[in-house]
Amino acid sequence: MAEVTARRLELRAASDGAEPAEAGWQSMLLEDALAALKRGQGIGRWQEVRLVLPNPYALPSPVKTSLALLLLSPGRAAIVAGNGSARRAVTPLSLMADALRAFDRRNDVVRSRTEIMNWLAAAPMHLSEFIPAAGPPLVLRTSLWFGAKVGGAMSHAAGIINAIRDRFGKVDLVSTDSVPELRKDIDVRTIDLARIEGWTSGDGLYLAAQPGLLAEARRLASAAAPVFVYQRCGLGDMTGLRLAREMRRPFVLEYNGPEVWVAEKWGTGVGYADDYQTIETELLRRADIVLAVSQPLVEEAVLRGADPGRVLLSPNAADPSRFHPGLSGAAIRQRLGLGCQRIAMLVSSFGPWHGVETAISAFAALKARRPDLAAAAKLVLVGRGAGFEAARLQAERLGLSESVLFTGPVLAELAPEMLAAADVLLSPQVHNEDGSLFFGSPTKLFEYMAMGKPIIASDLAQIGDILTHEATALLTQPGDVSQLSEALERAFSDPMALAPMGAAARDLLVNSHTWDARIAALEKALTGIGAMQRQ
């Protein structure tokens, strides 16, 4: 548990990089508070606790969360909307009411699951023909859990939506939340979360919410048949497929990874796993185009029944007009007190595959071997996530408290300046712990490339396929502390010697790995299945 600096605690489900403005409140991530409670820390410590959410109903596990809030502050706890428009007091009575509603919601989950399975049984695998398009592409963002407005997922969302708008002149966006860095002329039609049933259904939320999400998508989407319907694959989410079938236009499924596997291997698991696995498989089989972000995911989609001719390898990318070498990182350096130190920077959500531990150990090895270089350098870790506290303790244990800077998350609009403050950028991903293939496509890697700065990265799957050792990056073996330490020594000793690699990486990005290029490839794929005819 963080050191107590106030008697009032403000929790956020995910940080957006901003600190609470009100004095007298200590800020903490909900996940950190829950982890502390599991260790028996923080019980009854706070005079008042409030959990700030985009919407006070947007809480997939309200019973568990409300219980945690009451444990932290038996006297006064609440869930409030981020804009102050709504507040729900949390009391023992409200906890009991939520628990009773959760029990009642089981029927909603069963009904929705049955309806989904019946629809899948009756609906054709693909449309025999599409009606001509009369409106712009429709992008659906129907997530029911709201992560940070920072990091790769947000960069990916903004990049895709902006590129669709640029290529087709307009885009319809229906979303449960806002997306930073969108073009100013993109109108976000926001789903009313109060219309969504199932918030007290725990893991069953993603099934129980389907009727409400589909009704909201119908209400908000343009009546004109879109060029295509685009949606990222999510737990149990059939909204995009069903709306596309109703509109008789193609459904494009963005596939970033197996959601049930991710929940079980990198999270705490998920209930209704078999149902969610079935729905995900059916989405892959029935999508008119599957955009898989890596080759292992292409192969998995085909193995699960997707038509190979409809699966397109579509890695992440970057916007070279937003991330570029002309940016100055001076203001960030001054704010963080970095001075003239040489900076190795790693942007991370501190997931188990990100290699943060390897980076910290490599810096410790450099400090032991070349204390002169390490004294004039710093490892800057940007972001926040489940492994944050473990990484902080590792740095402290290795005597690196003064050498490793944890910035926490940064606002999306500050990300390019943050990268500009670095001398060398790190992407030290490691193999999956269970031995399965690394299926990631790190957005940060492409943003690094766009910056034109030297890169040190793992020679792992897509990373090693895109970057070439000694040409566009220094590549090291995943998890090899010695190799990474030696690469850091080389970068810190003479950063300018690696400058040509950074320039070559940017050239590669501009020529092959922009969001515009990804949407152009999608348009070609849709043309190939006869889906691009217009009125």
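Residues numbered from 1 in each chain as written. Predicted model: local features only at pLDDT ≥ 70, side-chain atom pairs only at ≥ 80, totals over all residues. Heavy atoms only, no water.

## Description of the overall build of the protein
Helix and strand counts for the protein come out as 20 helices and 18 strands. Computed over the C-alpha atoms, the radius of gyration of the protein is 24 Å, within 12% of the 24 Å expected from 2.2 N^0.38 for a compact globule of 535 residues. Its C-alpha atoms put the protein at 70 × 60 × 45 Å along the principal axes. Looking at the protein as a whole, 55% of its 535 residues qualify as buried. For the protein, the accessible surface area stands at approximately 22,200 Å², while carbon and sulfur atoms represent 53% of it. In the protein, 55 side chains carry a positive charge and 58 a negative one; their mean positions are 4 Å apart. (Helix = DSSP H or I, 4+ residues; strand = E, 2+ residues; numbered from the N terminus. Rg over C-alpha atoms; globule rule 2.2 N^0.38 Å. Buried < 20%, exposed > 50% of the residue type's maximum accessible area, 1.4 Å probe, protein only. Areas by Shrake-Rupley, 256 points an atom, 1.4 Å probe, with all protein chains shown as cover. Lys, Arg positive; Asp, Glu negative; His and termini not counted. Charge placed at Lys NZ, Arg CZ, Asp CG, Glu CD.)

## A short note on helix α1 (residues 30-38)
Listed in full, the buried residues belonging to α1 are Leu30, Asp32, Ala33, Ala36 and Leu37. Looking straight down α1, one finds that the buried residues subtend no more than 165° of arc, so they occupy a single side. Packing partners of the buried residues in α1 comprise β1 (8-12), β2 (25-29), β3 (48-53) and α2 (62-72). Within two residues after α1, Gly40 carries a phi angle of roughly 80°, on the positive side. (Arc of directions from axis to C-beta. Contact = heavy atoms within 4.5 Å.)

## Considerations on the packing of helix α16 (residues 443-451) against helix α19 (residues 499-512)
Contact pair α16 / α19: the axes reach a minimum separation of 6 Å and the direction vectors enclose 115°. Considering only the axes of α16 and α19, their crossing is left-handed. Across the interface between the two elements, Phe446, Met449 and Ala450 from α16 touch Gly502, Ala505, Arg506, Leu508 and Leu509 from α19. Of the residues belonging to the contact of α16 with α19, the class tally is six nonpolar, one polar and one charged. (Axes fitted to C-alpha atoms, helices over the stretch in contact; angles between N-to-C directions. Left-handed = near helix turned anticlockwise from the far one by under 90°. Nonpolar A, V, L, I, M, F, W, Y, C, P; charged D, E, K, R; others polar.)

## Things to note about the sheet that holds strand β10 (residues 251-255)
Here we have seven strands laid out as an open sheet, ordered β8-β7-β6-β9-β10-β11-β12, and parallel in their pairing. Two strands lie at the open edges of the sheet, namely β8 (188-190) and β12 (311-313), each paired on one side alone. When strand polarity is set aside, the average angle formed by the axes of neighbouring strands in this sheet is 20°. Pairing geometry for strand β6 (residues 138-141) and strand β9 (residues 229-232), over three bridges, is parallel. Note that in β9 the partner of Leu138 across the bridge is Val229. Helix α20 (residues 515-528) contacts β9, β10, β11 (289-292) and β12 of the sheet and is inclined by roughly 150° relative to β11. (Pairing = 2+ DSSP bridges.)

Fair warning: the whole summary comes from geometry, so function is off the table for now.
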